[in-house]
Amino acid sequence: MDKMIIRIAGDPDNYYVHFNRAFGFNSETQEAPDQVLVSKRSAGTGYSNSWLLAKLDADTSHTISNYQASGIDLIISVESIDLAGTPSKALVFIQYGPDPTSSPTPAPV
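Keep in mind the model is a prediction, meaning the values are calculated, not measured.

1. Considerations on the side chain of H62
Okay, step 1: Summarising the element assignment, H62 is placed in strand β5 (residues 60-64).
Okay, step 2: Beyond its immediate sequence surroundings of up to four residues, H62 is in contact with V38, L53, A54, L56, L74, I75 and I76.

Below, the structure is given as structure tokens:
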């Protein structure tokens, strides 16, 4: 699914993941050109300050530890960034919790 900005809604904070492509109207961006950015702000619809948490390149990730006080980590990983394609793309995975097992757990006998 192609998206420009992904909002991960939460309480007390919302997290945002977006590809900061240095092209077109954004061609003169000075900070983190052609990287995936992770930011957060207080939940809600009104004005609020935001904080930049991570600038990610391909094969890097950012972990939000103890997401929503759940005891479970939220991991945002950038697998690849393709600047040659039309349109340019960043392939991003968002994982909540540990890696899935490679095979199902056998049923008890």
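2. Structural notes on the environment of G71
Okay, step 1: When you line up the elements, G71 lands in the loop between β5 and β6 (74-82).
Okay, step 2: Each C-alpha atom of the pair G71 and G97 lies 9.0 Å from the other, and the pair is 26 residues apart in sequence.

3. Side note on the packing of aromatic side chains
Okay, step 1: Taken as a whole, this structure holds two aromatic pairs when the rule is applied.
Okay, step 2: Arranged with centres 5.9 Å apart and planes meeting at 55°, the rings of Y15 and Y67 form a pair that is tilted. With a gap of 52 residues between them, Y15 in strand β2 (residues 13-20) and Y67 in the loop between β5 and β6 connect regions that are remote in the sequence. An identical accessibility class is assigned to Y15 and Y67; each is buried.
Okay, step 3: Residue classification places Y67 among the buried residues on the basis of a relative accessible area of 9%.
Okay, step 4: Clustering of aromatic rings is evident, with ring pairs tying together Y15, Y67 and Y96.

4. Overview of the sheet that holds β5
Okay, step 1: As summarised here, the arrangement of the three strands in space is β5-β6-β7, forming an open sheet in which the pairing is antiparallel. At either margin of the open sheet sits one strand with a lone partner, and together these are β5 and β7 (89-96). On average, each strand axis in the sheet is tilted by 20° relative to the strand beside it, whichever way the strands run.
Okay, step 2: As defined by bridge partners, β6 adjoins β7 across eight bridges and the pair is classed as antiparallel. Considered in β7, the bridge of D82 is made with K89.

The rules behind the values
- Position numbers for residues count from 1 along each chain, tracking the sequence in the order it is written.
- Residues qualify for local features only when their pLDDT is at least 70, as the model is predicted, and side-chain atom pairs are given and counted only at 80 or more; totals for whole chains, interfaces and linings, by contrast, use all residues.
- Note: side-chain values were computed over all heavy atoms of the structure, leaving out hydrogens and water.
- Counting from the N terminus, the helices are DSSP H or I runs at least four residues long and the strands are E runs at least two residues long.
- Residues count as neighbours in contact if any of their non-hydrogen atoms are within 4.5 Å of one another.
- Classification of ring pairs uses Phe, Tyr and Trp, with its six-membered ring standing for Trp, and accepts pairs whose centres are within 6.5 Å; under 30 degrees between planes counts as stacked, over 60 as edge-to-face, and the remaining range as tilted.
- Only protein chains enter the accessibility calculation, which uses a 1.4 Å probe; a residue whose area is less than 20% of its type maximum is buried, one above 50% is exposed, and one in between is partly exposed.
- The pairing criterion for strands is at least two bridges between them, as found by DSSP.
- Each axis is a line fitted through C-alpha atoms, taken for helices only over the stretch in contact, and angles between the N-to-C directions span 0 to 180 degrees.

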